[in-house]
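A look at the structure
Chain by chain, the residues run as shown.
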Amino acid sequence: MYNSIEICAGAGGQALGLEMAGFEHIALVELEQEYCDCLRRNRPSWNVQCMDVRSFDGTPYSGKIDLLAGGVPCPPFSIAGKQLGQDDERDMFPQMLRLVGEINPRTVMIENVRGFLGSAFDGYRQSIFERLNKMGYSLHVSLLNASGYGVPQLRPRAIIVGIRNDLFDSFEFPQKRVNPEQTVGKTLHDLMAARGWEKAGAWRDKANSIAPTLVGGSKKHGGPDLGPTRARQAWAELGIDGRGVATDAPEPGFDGLPRLTPRMLARLQGFPDEWDFGTKKTAACRMIGNAFPPPVAKAVGLQIKKVLEYGLIDSKSETEIPSRAVG
């Protein structure tokens with residue numbers, strides 16, 4: 001088994017996916033107490049460091065870590081925000097770069113929103129890539145949609161994978177797999193019918209496509225709903241009332257558009273049903289909506305593990321593979 005350190009761990013989506021891919025977490029760093037409680041509640045054995053990543057010292061782990069991962073905060077780059085990028089105090093790319101330098105991990109994995117790849121951040125993105133190149137990593141960058149990896153949701157995410165130059169860089173992003181059975185209706189039918197709602201079958205048949213991207217909102221502004229007007233319209237086409245989140249599934253005799261429960265949201269995000277987000281609905285919805293879908297993290301993690309299994313350049317051949325640095 002290979003080891004990892006993760007920063008900005010959130011409610012554990014990326015950590016869970018990497019665990020399923022075969023990584024053992026040496027430390028998970030997360031600032032918010034509710035998220036830390038969630039991680040500890042679901043995985044008591046994980047070493048959760050509930051602290052500001054700015055205070056996390058990577059030097060004790062220098063040369064000992066196979067993967068440094070992090071879903072650094074998205075708001076600085078999200079089209080739903082002001083897109084302040086490096087001028088946003090929530091930008092944690094500098095901390096990720098600091099820790100890459102301190103830890104010198106064999107591989108790096110960074111996740112962010114689609115907006116990070118936009119033209120508004122060309123200069124900043126280039127500076128990040130150049131720093132990683134200078135620290136000895138070749139880079140692979142792609143936009144992955146969660147629906148291509150077993151998640152019934154669009155959810156495009158920018159993924160950056162860095163491979164240290166002393167490793168054979170055989171990394172390739174995972175291939176998409178098409179599953180026509182992967183719809184909101186079929187994914188959630190049992191949960192929607194759990195209390196005996198007679199129209200659950202008809203609802204399943206109407207909700208016959210994948211979900212739009214789930215939103216979590218910020219601690220200050222996020223509420224238990226499915227997003228702004230345009231998103232709610234997309235949910236309504238699936239037969240779902242996106243103006244709020246329900247505590248329970250519809251009862252017998254319910255008429256109208258049902259609302260999703262936190263458990264339903266979690267399943268749309270690829271979490272197992274036993275993952276416990278607590279009893280506070282607003283907090284649970286924020287944790288779920290801001291998460292990195294575990295199946296996507298697993299798929300990328302398995303590809304990274306192939307590189308680690310192949311090993312060092314010097315142990316395989318005298319010929320080095322040219323760097324595939326992204327510029």
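Here is a short report on the structure shown in this document.

**Re the overall build of the protein**
Regarding its fold elements, the protein presents 10 helices and 7 strands. Here the protein holds 327 residues, and 52% of them are scored as buried. On the protein, roughly 14,700 Å² of surface is accessible, and the fraction owed to carbon and sulfur atoms is 49%.

**Details of the nonpolar core**
In terms of nonpolar packing, the biggest core is built from 42 residues, with Val184, Trp235, Leu260 and Phe277 touching the most fellow members. Only helix H1 (13-21), helix H2 (33-42), helix H5 (184-192), helix H6 (200-206), helix H7 (229-237), helix H8 (262-268) and helix H9 (281-289) provide two or more residues apiece to this core. No other element matches H9, which puts 5 residues into this core. Discounting chain neighbours no more than four positions away, the residues touching Leu260 are Leu188, Met192, Leu226, Trp235, Ile240, Val245, Ala246, Leu265 and Leu268.

**What about helix H10 (residues 294-310)?**
For H10, built from 17 residues, the straight-helix expectation of 24 Å at 1.5 Å per residue is met to within 8% by its first-to-last C-alpha distance of 24 Å. For H10, every residue scored as buried is listed here: Pro294, Val296, Ala297, Ala299, Val300, Gly301, Gln303, Ile304, Lys305, Val307 and Leu308.

**Comments concerning the pairing of strand E4 (residues 67-70)**
Every second residue of E4 is oriented toward a common face, with Leu67 and Ala69 on one face and Leu68 and Gly70 on the other, all of them buried. In this sheet, E4 lies alongside strand E1 (residues 2-7) in parallel orientation, the contact comprising 4 bridges. Counterpart to Ile5 in the pairing with E4 is Leu68. For E4 and strand E5 (residues 107-113), the ladder comprises 4 bridges, and the chain directions are parallel. Considered in E5, the bridge of Leu67 is made with Thr107.

**Notes on the packing of aromatic side chains**
Per the counting criterion, the structure on display carries 10 aromatic pairs. Residues Trp197 and Phe254 carry aromatic rings whose centres are separated by 5.7 Å and whose planes lie at 70° to one another, so their mutual orientation is edge-to-face. Of this pair, Trp197 sits in the loop between H5 and H6 while Phe254 sits in the loop between H7 and H8; the two residues are 57 residues apart in sequence, bridging distant segments of the chain. Overall, Trp197 belongs to the buried group, its relative accessible area being 6%. Exposure remark for Phe254: the relative accessible area of 28% places this residue in the partly exposed category. With centroids separated by 6.1 Å and ring planes inclined at 35°, the aromatic side chains of Phe271 and Trp275 adopt a geometry described as tilted. Grouping residues by exposure puts Phe271 and Trp275 together as buried. Taken together, the ring pairs in this structure connect Trp46, Phe271, Trp275 and Phe277 into an aromatic cluster.

**Looking at the packing of H1 against H10**
Between H1 and H10, whose axes approach to 7 Å, the crossing angle comes to 45°. Considered as vectors, H1 and H10 are oriented oblique to each other. Judged by the twist between their axes, the crossing of H1 over H10 is right-handed. Facing Gly13, Gln14, Leu16, Gly17, Leu18, Met20 and Ala21 of H1, the residues of H10 in contact are Pro294, Ala297, Lys298, Gly301, Leu302 and Lys305. Residues that form the contact of H1 with H10 fall into these classes: 7 nonpolar, 4 polar and 2 charged.

**Quick notes on the pattern of salt bridges**
The final tally for this structure, using the stated rule, is 17 salt bridges. Between Asp190 and Arg267 there is a salt bridge; the shortest N-O distance is 2.6 Å. Here Asp190, found in helix H5, pairs with Arg267, found in helix H8; they are 77 residues apart in sequence, far enough to count as distant. Look at Asp190 and you get partly exposed, because its relative accessible area is 43%. Exposure remark for Arg267: the relative accessible area of 16% places this residue in the buried category. Here Arg243 makes a salt bridge to Asp241, at a shortest N to O gap of 3.0 Å.

**With respect to the sheet that holds strand E3 (residues 48-50)**
Across the sheet, 7 strands lie side by side as E3-E2-E1-E4-E5-E7-E6; this open sheet has mixed pairing. Since the sheet does not close on itself, it has two edges, and those belong to E3 and strand E6 (137-145), each with one partner. The mean angle between the axes of side-by-side strands here comes to 15°, regardless of whether they run parallel or antiparallel. Bridge analysis of strand E2 (residues 23-30) against E3 gives 3 bridges, and the strand direction is parallel. From the neighbouring strand, Glu30 faces E3, where its bridge partner is Cys50. Contacting E1, E2, E4, E5, E6 and strand E7 (156-164), H10 crosses the sheet at an angle of about 160° to E5.

What counts and how
- Residues numbered from 1 in each chain as written.
- Predicted model: local features only at pLDDT ≥ 70, side-chain atom pairs only at ≥ 80, totals over all residues.
- Heavy atoms only, no water.
- Helix = DSSP H or I, 4+ residues; strand = E, 2+ residues; numbered from the N terminus.
- Buried < 20%, exposed > 50% of the residue type's maximum accessible area, 1.4 Å probe, protein only.
- Areas by Shrake-Rupley, 256 points an atom, 1.4 Å probe, with all protein chains shown as cover.
- Core = buried A, V, L, I, M, F, W, Y, C linked by side-chain atoms within 4.5 Å.
- Contact = heavy atoms within 4.5 Å.
- Expected span 1.5 Å × (residues − 1).
- Pairing = 2+ DSSP bridges.
- Phe/Tyr/Trp six-rings, centres within 6.5 Å; stacked < 30°, edge-to-face > 60°.
- Axes fitted to C-alpha atoms, helices over the stretch in contact; angles between N-to-C directions.
- Parallel < 35°, antiparallel > 145°, perpendicular 65-115°, else oblique.
- Left-handed = near helix turned anticlockwise from the far one by under 90°.
- Nonpolar A, V, L, I, M, F, W, Y, C, P; charged D, E, K, R; others polar.
- Salt bridge = Lys/Arg side-chain N within 4 Å of Asp/Glu carboxyl O.

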